[in-house]
Amino acid sequence: MITGEIKNKVDRIWEVFWTGGVTNPLSVIEQITYLLFIRGLDEIEERRRKEAALLGIKHKPIFPEDRQELRWGVFKNLAADKMYQIVSNGVFPFIKALHADKDSAYSKYMSDAIFIIPTSQMLEKIVTGLSDLPLEDRDTKGDLYEYLLSKIAQSGTNGQFRTPRHIIKMMVDLMKPSPEDIICDPAAGSAGFLVAAGEYLRDNHPDLFLDKSLRDHFNNEMFCGFDMDRTMLRIGAMNMMLHGVENPNIEYRDSLSEVNTDASKYTLIMTNPPFKGSLDYEAVSADLLRVTKTKKTELLFLALFLRIMKTGGRCASIVPDGVLFGSSNAHVAIRKEIVEKHKLEAIISMPSGVFKPYAGVSTAIIIFTKTGAGGTDKVWFYDMKADGYSLDDKRNDIADNDIPDIVARFRDLKAEENRKRTEQSFFVMKDEIVSNGYDLSINKYKELEHEEVAYEKPQVILARLKEMEREIQQELDELEKLII
């Protein structure tokens, strides 16, 4: 965790952007991302130079010998006007051209970088502030960038891009990624699910980094994220890099279109795809429409997960409640597909305030395994009532939190066998789900216990009201005597 002192430094940098007229939080994150990338290049250059000297091999520089002024460590000490000239006219054209040499896995996301810091004084303050941040430690770098990303949500715009991190962590803890997994988020945004999966593996499988093949898999093949917003691609790539993943597959891709030809490729999907969107049939891959003919993105993404996962692949996805009980042919078709042809394992209903203050929509987490041969015999339901934060727009910390209980119960489903429908979690047999038109809403199956409330007789309540009226009248009479 980063300290309050570091957060204050970040807040001051953010304030420089704000007072300088750059107020769009995504633009601020983007400009900081460029500058962190530029600082990182210089640090890589210095590390490679020292390693080459130590090993006695020839150093292949990132920065040409005659362009050393482009290095962070050089221009950060120059006067404001000179620094501005070098960064705007030298450094940015340089990083945009890096991808041609394939020197850095991240340079491809910088090919359309645009420098929008308006004044030399503002740039000097930002460069000084960023130079003062401790970026040597991987954990600090990752936490620092996450703190920056949290400001996107706090700023009140574009918050839809950010799934609450404690919900992401819960989903990762439920799915328990393994060192051999190939993990995909087809709507990656800032790569929050991929970052959390990487952190889970570092915490729970530290030995994987001692095995060269597993280490290479972790750095080059394990993490795949797609998005259609190039700004989010840059942010997602930087988020992964600052969390220590060397070469994640973060790419521009319209996941639902014919352009995406992935099939039977991934072993684990964790995602929060966009919903409430509607597409034209012509824009959607035909094989997805064969599973569920709809324009609704939330249903099409479920069909996509089934296509792109390997047999045995697992999926945990956030879905709007309507997916679970919608009565259209498309809604029923995708639920039937998952229940009958694959193994639906769990539905975790979340309270509607989880995405506040940006959306009050009710959502759930659906967990299933691709089998192609069925396997659903019963489905585990959990009714989450609290996530550790108030469910109003303020989202303040509270003591009530079902998340540890959800993870503990899901990891020991045998102990769930005999729970009653009046409890917070329970199983429902497949036959009952089928007989209810594949309805997966927890409200369809949970039972409420009604406690009998005993009220006083009406005569007693009436007598009490008359007595209260008599006392009021008596006090009014006494008051009248005092003022007349």
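Look a little higher up for the structure.
As a starting point, this report considers the structure included with it.

Conventions we followed
- Residues numbered from 1 in each chain as written.
- Predicted model: local features only at pLDDT ≥ 70, side-chain atom pairs only at ≥ 80, totals over all residues.
- Heavy atoms only, no water.
- Salt bridge = Lys/Arg side-chain N within 4 Å of Asp/Glu carboxyl O.
- Buried < 20%, exposed > 50% of the residue type's maximum accessible area, 1.4 Å probe, protein only.
- Patch = residues over 30% accessible without salt bridge, like charges linked within 9 Å, V, L, I, M, F, W, Y side chains within 5 Å.
- Areas by Shrake-Rupley, 256 points an atom, 1.4 Å probe, with all protein chains shown as cover.
- Lys, Arg positive; Asp, Glu negative; His and termini not counted.
- Charge placed at Lys NZ, Arg CZ, Asp CG, Glu CD.
- Helix = DSSP H or I, 4+ residues; strand = E, 2+ residues; numbered from the N terminus.
- Pairing = 2+ DSSP bridges.
- Expected span 1.5 Å × (residues − 1).
- Contact = heavy atoms within 4.5 Å.
- Core = buried A, V, L, I, M, F, W, Y, C linked by side-chain atoms within 4.5 Å.
- Domains from an automatic or database assignment.
- 1 Å grid on protein atoms, 1.4 Å probe; cavity = no way out; pocket = protein on both sides within 12 Å on 5 of 7 lines; lining within 4 Å.
- Points joined across faces, edges and corners; volume = space filled by probe spheres on them.
- Nonpolar A, V, L, I, M, F, W, Y, C, P; charged D, E, K, R; others polar.

1. Points about the pattern of salt bridges
What the rule picks out here adds up to 28 salt bridges. With its nearest N and O atoms 3.2 Å apart, the salt bridge here joins Glu-69 to Arg-67. A relative accessible area of 31% places Arg-67 in the partly exposed class. Note that Asp-181 is salt-bridged to Arg-314, the shortest N-O span being 3.3 Å.

2. Side note on a negative patch on the surface
Together, Glu-471, Glu-475, Asp-477, Glu-478 and Glu-480 line one region of the surface with negative charge. Following the sequence through the fold, Glu-478 ends up in helix α17 (residues 458-483).

3. Thoughts on the environment of Gln-474
Looking at the secondary structure, you find Gln-474 in helix α17. For the pair Gln-474 and Leu-344, spaced 130 residues apart in sequence, the C-alpha to C-alpha distance is 70 Å.

4. Side note on the pairing of strand β8 (residues 378-383)
The buried fraction of β8 is high, at five of six residues. When strand β6 (residues 343-350) meets β8, the two strands line up parallel, connected through four bridges. Bridging from a neighbouring strand, Ser-349 pairs with Asp-383 of β8. Examined bridge by bridge, β8 and strand β11 (residues 425-429) share five bridges and lie antiparallel to one another. Following the sheet pairing, Phe-381 is matched in β11 by Phe-426.

5. Focus: helix α5 (residues 120-131)
Over its twelve residues, α5 extends 16 Å from the first C-alpha to the last, a length consistent with the 16 Å expected when each residue adds 1.5 Å. Burial in α5 covers these residues: Ser-120, Met-122, Leu-123, Ile-126, Val-127, Gly-129 and Leu-130. Buried positions along α5 lie against α1 (4-19), α2 (25-55), α3 (72-75) and α4 (80-96).

6. Points about the nonpolar core
Grouped together as the largest cluster of nonpolar side chains are 51 residues, with contacts concentrated most on Phe-17, Phe-75, Ile-95, Ile-126, Leu-130 and Tyr-145. Here the element with the most residues in this core is α2; it accounts for ten residues. When residues of this core are sorted by domain, at least three fall in each of domain 1 (5-141) and domain 2 (161-444). The residues touching Tyr-145, leaving out its near neighbours within four places in the chain, are Ile-29, Thr-33, Leu-36, Ile-235, Met-238, Asn-239 and Leu-242. Core analysis: the next-biggest nonpolar cluster, separate from the first, contains 47 residues, Leu-174, Leu-233, Tyr-382 and Met-384 among them.

7. Quick notes on empty space enclosed by the protein
In this approach a probe as big as a water molecule rolls over the atoms, and the regions it shows empty are the leftover space. Applying the stated criterion across every chain, the model contains two cavities of 30 Å³ or more. The space that makes up the largest cavity amounts to roughly 50 Å³. Around the largest cavity, the lining residues are Leu-302, Val-323, Leu-324, Ile-334, Arg-335, Ile-338, Val-339, Ile-366 and Leu-440. Those elements giving two or more residues to the lining of the largest cavity turn out to be α13 (322-325) and α14 (329-341). With four residues, α14 is the largest single contributor of residues to the lining of the largest cavity. Its residues assigned to classes, the lining of the largest cavity shows eight nonpolar, no polar and one charged.

8. Some remarks on unusual backbone geometry
Residue Ala-191 is not a glycine yet carries a positive backbone phi of 65 degrees. Its place among the elements puts Ala-191 in the loop between β1 (183-185) and α8 (192-204). Look at Ala-191 and you get buried, because its relative accessible area is 1%. In this structure, Tyr-438 is a non-glycine residue whose phi angle is positive, near 60 degrees. With respect to the secondary-structure elements, Tyr-438 resides in the loop between α16 (430-435) and α17.

Note that every value here comes from positions in space, so none of it alone points to a role or purpose.
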